[in-house]
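# Architecture at a glance
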Amino acid sequence: MTLPQQTTTSTDVGKLIGSVERFRNEGYRLVQIGCTKVGDLYEINYCFDKDYHFENLRITITGDTEVPSISGMYWNSFIYENEMHDLFGIQVRGMNIDFKGTLFRTAVKYPFSQPPVTVTKGDKP
Amino acid sequence: MTKQIIVPFGPQHPVLPEPIHLDLVLEDETVVDVIPSIGYIHRGFEKLVEKREFPEYVYVAERTCGICSFIHGATYCQGIEQIMNIEVPERAQYLRVIWSEFSRLHSHLLWLGLFADSFGFENLFMGVWKTRERVLDFMEETTGGRVIQGTSKIGGVRRDISSERLDQMVKDLDVLDQEMKELTTVFLHDDSVRHRLRNVGTISRDDAYHLGACGPTGRGSGVAVDARKLGYGAYDRLNVQVVTDSCGDCYSRCAVRAKELFTSTDLIRQAAKKIPEGPVDVKVTGAPDGEYFMRAEQPRGELVHYLKGNGTRFLVRSRIRTPTLSNIPPLIKMLQGCELADVPVIVLSIDPCISCTER
C-alpha cells in the first residue's frame, strides 16, 4: 500500500500563533514539534492529527530568531519546545514549563546546531 | 494554607526500570504538582545519522529501544521506502506485521509483569514473564535475536519464515492464548488488583486527547486512536480491532494492554492465513531525496520517524518522536491530586520507556 502524501504548509513566525489556533479550534491534536537544521537556517515542523488526517505546519527561521511558545493552546508543547531549545539552541518565548536548558543534558551545548560531521571513505565511524 | 514540600522521585527507584526524575509538590500526602526531568541517558542517536549511510542507519534506529526494536527498524525502513517510492514485496509486509505483533506481545507481557511487581503481586509477575519467554523464543527462532532482531531492511526483510513454521506458530498461539487468558483473568477480575488500580491516576478523555496521550495511555481514556489504522505494512488488509476503555484510570490502561494481547495474536493468525508466497525483498538503488513523517503503532503508542534526505547517502535529519515523550504531559495530569503512595503505580501505568525517549 502506498501511504498518503503529506502536505506541509509554510508560515511566518508572526503568523504561527494564529495558524496553530486554527488547528486547536478544529480539534486537532499536537503530534510533535521537531526541528531540522538546513544550512544556516532552522526548519521547525508543528505536526497535527485529527481522525488520522495529518497536517504539518512549518516555519523557517535563523538561529537568533525568538519563537513564540504554543503552550497556551497546546499545554503539552513544552516538552518539544524545551527539546528544541536544548538540542538546537532555539529560543522559545513564554513556555509554560521552562527547563532553562536542563531537559537534555548534553556534553556539547546545542549539539544539533553544530555543523554536520563529514565522513569520508575510510574514516572510522 | 497547608505547607507544601517537594519530594524527589527517581531517577533511581525500585519501580523504575529506567531513569526519570519527578519533583512531587505535596500538601500532606497529596500531590498537587509535578515537574518531570529526563536527560540522564541522552544518547544522541539522531546525530548519528550524519555518520551512517541511510541503509546502515537501520541498525541505529533498531537500537532506539530494546523492547520494540523491530518496530523502530521497520518504521524507519518504511519511511525511507515511502520517500524513494519503493514497492516492498507483499510477503515482506506480512512478515513485518507478524514480527511487529510479536514485539507488542513481548512488550505488553513485560509491562504486565512489571506492573504486577509494582503493586506487590510477585507471583503474577513471574507467571507473566514465564509466558513472555514463549514470545521471545519465537522471535529468536525466526530472526536469530531475542532483543534486537535485525530483520528489517530497506526494500523488505532479511529473513523468511517457512510455511511449516508458520503453521506451527499458529498452533503455538493457541497455547499462548490459553496461558494469557489465565493471567489476564487475574489482572481484570482479581479484587486486590482492582482495588489497587481503580480510580487511581484518572485522566479524562478530553485531557488525554489534548495533552497528546497516545497508545494504551490514550485508549484507556477512550481516545480511539491506533496508528495501525493508517494501513502501513499489511495492516490495511487485516481487521485491526482498536481496544478502548472509558474510565481513564490505571485499571483501564492495564485492561487495554491485557485485551490487546489477544488482538495481537488475532492479527498474527490473520497474517499467517493471508501471507502470499514470493520474494521478501527488492533491490534498492539511489538515495532518498525528500521527507516523510512515518507513523507506526508501537506497543506504547504512536511512533513518528521524521526522515529527510537530500539525494546523498547521508540523511539530513532523522527525528524520532517516541510515545513516552508524548505521554509525559498526560502523566503530569494523572499525578495531580493523587496520593504519594500511588505515584509508582501511576508512573508505571503509562509504560514509560526512557531509553526510547532520550534517543
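The structure displayed is predicted, hence computed values, not measured ones.

### Quick notes on the pairing of strand S4 (residues 53–62) of chain A
Residues and elements named next belong to chain A. Of all the ten residues making up S4, seven are buried; the element is thus mostly covered by neighbouring parts of the structure. Bridge count for strand S1 (residues 8–10) against S4 is three bridges, and the pairing is parallel. What sits directly across from Thr9, in S4, is Leu57. Relative to S4, strand S3 (residues 41–50) runs antiparallel, the two being bridged by ten bridges. Pairing of Ile44 across the sheet is with Ile59, part of S4. Hairpin connection from S3 to S4: two residues lie between these consecutive antiparallel strands, with Asp51 at a positive phi of about 50 degrees.

### Focus on the environment of Phe88(A)
Relative to the assigned elements, Phe88(A) resides in helix H2 (residues 78–88). The exposure class assigned to Phe88(A) is buried, which follows from its relative accessible area of 5%. Taking the C-alpha atoms as reference points, Phe88(A) and Gly63(A), 25 residues apart in sequence, are found 8.6 Å from one another. Dropping the residues within four chain positions of it, Phe88(A) is found in contact with Cys35(A), Thr36(A), Lys37(A), Tyr42(A), Glu83(A), Tyr110(A), Phe112(A), Ser113(A) and Arg317(B).

### Here's the deal with the domain arrangement of chain B
Residue and element names in this part refer to chain B. Assigned domains within chain B: domain 1 (1–42) and domain 2 (43–340). Summarising the inter-unit geometry, the C-alpha centres of domain 1 and domain 2 are found 28 Å apart. Facing 16 residues of domain 1, the contacting portion of domain 2 comprises 13 residues. Between domain 1 and domain 2, a total of about 1,200 Å² is buried, with carbon and sulfur atoms accounting for 70% of that surface. Counting the contacts that link domain 1 with domain 2 gives zero salt bridges. Linking domain 1 to domain 2 there are five residue pairs in polar contact (both at pLDDT 80 or more). Of all the elements in the fold, those that place two or more residues in the side of domain 1 that touches domain 2 are strand S2 (21–27) and strand S3 (30–37). Among the residues forming the side of domain 1 that touches domain 2, the class breakdown is twelve nonpolar, two polar and two charged.

Each value, and the rule that gives it
Residues numbered from 1 in each chain as written. Chains lettered and ligands numbered in written order. Predicted model: local features only at pLDDT ≥ 70, side-chain atom pairs only at ≥ 80, totals over all residues. Heavy atoms only, no water. Buried < 20%, exposed > 50% of the residue type's maximum accessible area, 1.4 Å probe, protein only. Helix = DSSP H or I, 4+ residues; strand = E, 2+ residues; numbered from the N terminus. Pairing = 2+ DSSP bridges. Contact = heavy atoms within 4.5 Å. Domains from an automatic or database assignment. Buried area = accessible area lost by both parts, 1.4 Å probe. Salt bridge = Lys/Arg side-chain N within 4 Å of Asp/Glu carboxyl O. Polar contact = N/O pair within 3.5 Å; in protein donor to acceptor, adjacent residues only side chain to side chain. Nonpolar A, V, L, I, M, F, W, Y, C, P; charged D, E, K, R; others polar.

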